[in-house]
Amino acid sequence: MPELPEVEVTRLSFADRIKDAQIVSVRMRKPLRWPLGCAEDMLQGRWVRSVRRRGKYLLLDLDDGLLLLHLGMSGSLAFSDMPGLPGVHDHFDMVTTRGTLRLHDPRRFGAVVFAAEEASPVAQKLLGHLGVEPLTDAFGLPAFHAGLRARSAPVKQVLLAGDLVVGVGNIYASEALFLAGIRPTTRASRIGLERAGRLHRAIQDVLRRAVQQGGSTLRDFSNAQGQSGYFQLEAMVYGRENQPCRTCGTPIQSIRQGQRATYFCSRCQRS
Ligand SMILES: [Zn+2]
């Protein structure tokens, strides 16, 4: 599943090129997770002003309105001059004067939704509950620590919930907790300021590194130039069950937390 770094890498790969392009046509071939929310023709002639990211949504600001894009479970975006004929899983094309933005999404959990403005209900329904962006100055330690103190759920679940800090998915939550030396099952409310500080730093480190390396390698992920086969983020714990911890050699353990696999080192992450 594309996580925040993959979405950010996708954004970086086409944001500059699509800026100030005019929309020639829009075509939704098969229904995605949610309807487009406007007639395809209505977008014709509008201009793309910028591409922002909020959580795992890409926001294409138009001269009038905006498009919210989500990659769902298996989506990838390609922006190219010569897109070729659409394949069976290419469900959305936006042809512009600078190239064609195409959403490839075998499982169709992705979405492209039009909103008249960011404050409108259709956009707020998707964006309104999102927590603070972890790679911005808005992600401050005091508020993060207070948020942990207020939640009694296991810390990993709190990270995944996305209302305290957004975009820390399963892989990055496991990795950040390892770097901070915190057991994923520890109740968030029991994490003191010093450990919260380590976790705060670890979340930013792991996400920044993933963005720099082009996102972790995911089966269905490719960036908007259609490239796949990204550098694999060298995981410390994620996906390494029974393999020796890179720090202490103890076999990495795997448990289930809320239907998701969690990986940790019982020695490096004692509590
Ligand atoms: Zn270890």
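The present account deals with the structure reproduced in this document.

Moving on, we get to the coordination of the zinc ion. Protein coordination of the zinc ion is provided by Cys 245 (SG), Cys 248 (SG), Cys 265 (SG) and Cys 268 (SG), with donor distances spanning 2.2 to 2.4 Å. Each of the four donor atoms around the zinc ion contributes to a set of angles spanning 99 to 113 degrees, which defines the coordination as tetrahedral. All donor residues of the zinc ion come from one chain, and their arrangement in sequence is C-x2-C-x16-C-x2-C. Of this pair, Cys 245 sits in the loop between helix 6 (193-212) and strand 9 (253-257) while Cys 265 sits in the segment after strand 10 (260-264), and the two are 20 residues apart along the sequence. Residue classification places Cys 265 among the buried residues on the basis of a relative accessible area of 0%.

All right, on to the sheet that holds strand 5 (residues 76-80) then. In spatial order, the strands read 1-6-7-5; together these four strands make up an open sheet with antiparallel pairing. Two strands lie at the open edges of the sheet, namely strand 1 (23-28) and strand 5, each paired on one side alone. Looking at each pair of strands side by side, their axes are set apart by 15 degrees on average, direction ignored. Relative to strand 7 (residues 99-104), strand 5 runs antiparallel, the two being bridged by five bridges. Along strand 7, the bridge assignment pairs Ser 76 with His 104. Helix 1 (residues 4-18) rests against strand 5, strand 6 (90-96) and strand 7 of the sheet, and its axis sits at about 30 degrees to strand 5.

This brings us to the pairing of strand 4 (residues 66-70). In terms of burial, strand 4 is a largely internal element, five of the five residues being buried. Going residue by residue along strand 4, you find Leu 66, Leu 68 and His 70 tucked away on one face and Leu 67 and Leu 69 tucked away on the opposite face as well. Where strand 3 (residues 57-62) meets strand 4, five bridges bridge the pair, whose relative direction is antiparallel. Among the inter-strand pairings, Leu 59 is bridged to a residue of strand 4, identified as Leu 68.

Moving on: the pairing of strand 7. Of all six residues in strand 7, five are buried; the element is thus mostly enclosed. Note: strand 6 against strand 7, six bridges, orientation antiparallel. Bridge pairing in strand 7 places Phe 92 opposite Leu 103. Hairpin connection, strand 6 to strand 7: the antiparallel pair is bridged by two residues.

Next up on the list: the packing of helix 5 (residues 170-180) against helix 6. Between helix 5 and helix 6, the shortest axis-to-axis distance is 8 Å and the interhelical angle comes to 130 degrees. On the basis of the axis angle, helix 5 is oblique to helix 6. Helix-helix and strand crossings are classified by hand; for helix 5 and helix 6 the assignment is right-handed. Of the residues in helix 6, those in contact with Tyr 172, Glu 175, Ala 176, Leu 177, Leu 179 and Ala 180 of helix 5 are Arg 198, Leu 199, Ala 202, Ile 203, Val 206, Leu 207, Arg 209 and Ala 210.

Reading guide: rules and limits
- Residues numbered from 1 in each chain as written.
- Predicted model: local features only at pLDDT ≥ 70, side-chain atom pairs only at ≥ 80, totals over all residues.
- Heavy atoms only, no water.
- Donors = N, O, S within 2.8 Å, 3.2 Å for Na, K, Ca; no water.
- Tetrahedral: all angles 85-135°; square planar, octahedral: opposite > 155°, others 65-115°.
- Helix = DSSP H or I, 4+ residues; strand = E, 2+ residues; numbered from the N terminus.
- Buried < 20%, exposed > 50% of the residue type's maximum accessible area, 1.4 Å probe, protein only.
- Pairing = 2+ DSSP bridges.
- Axes fitted to C-alpha atoms, helices over the stretch in contact; angles between N-to-C directions.
- Contact = heavy atoms within 4.5 Å.
- Parallel < 35°, antiparallel > 145°, perpendicular 65-115°, else oblique.
- Left-handed = near helix turned anticlockwise from the far one by under 90°.

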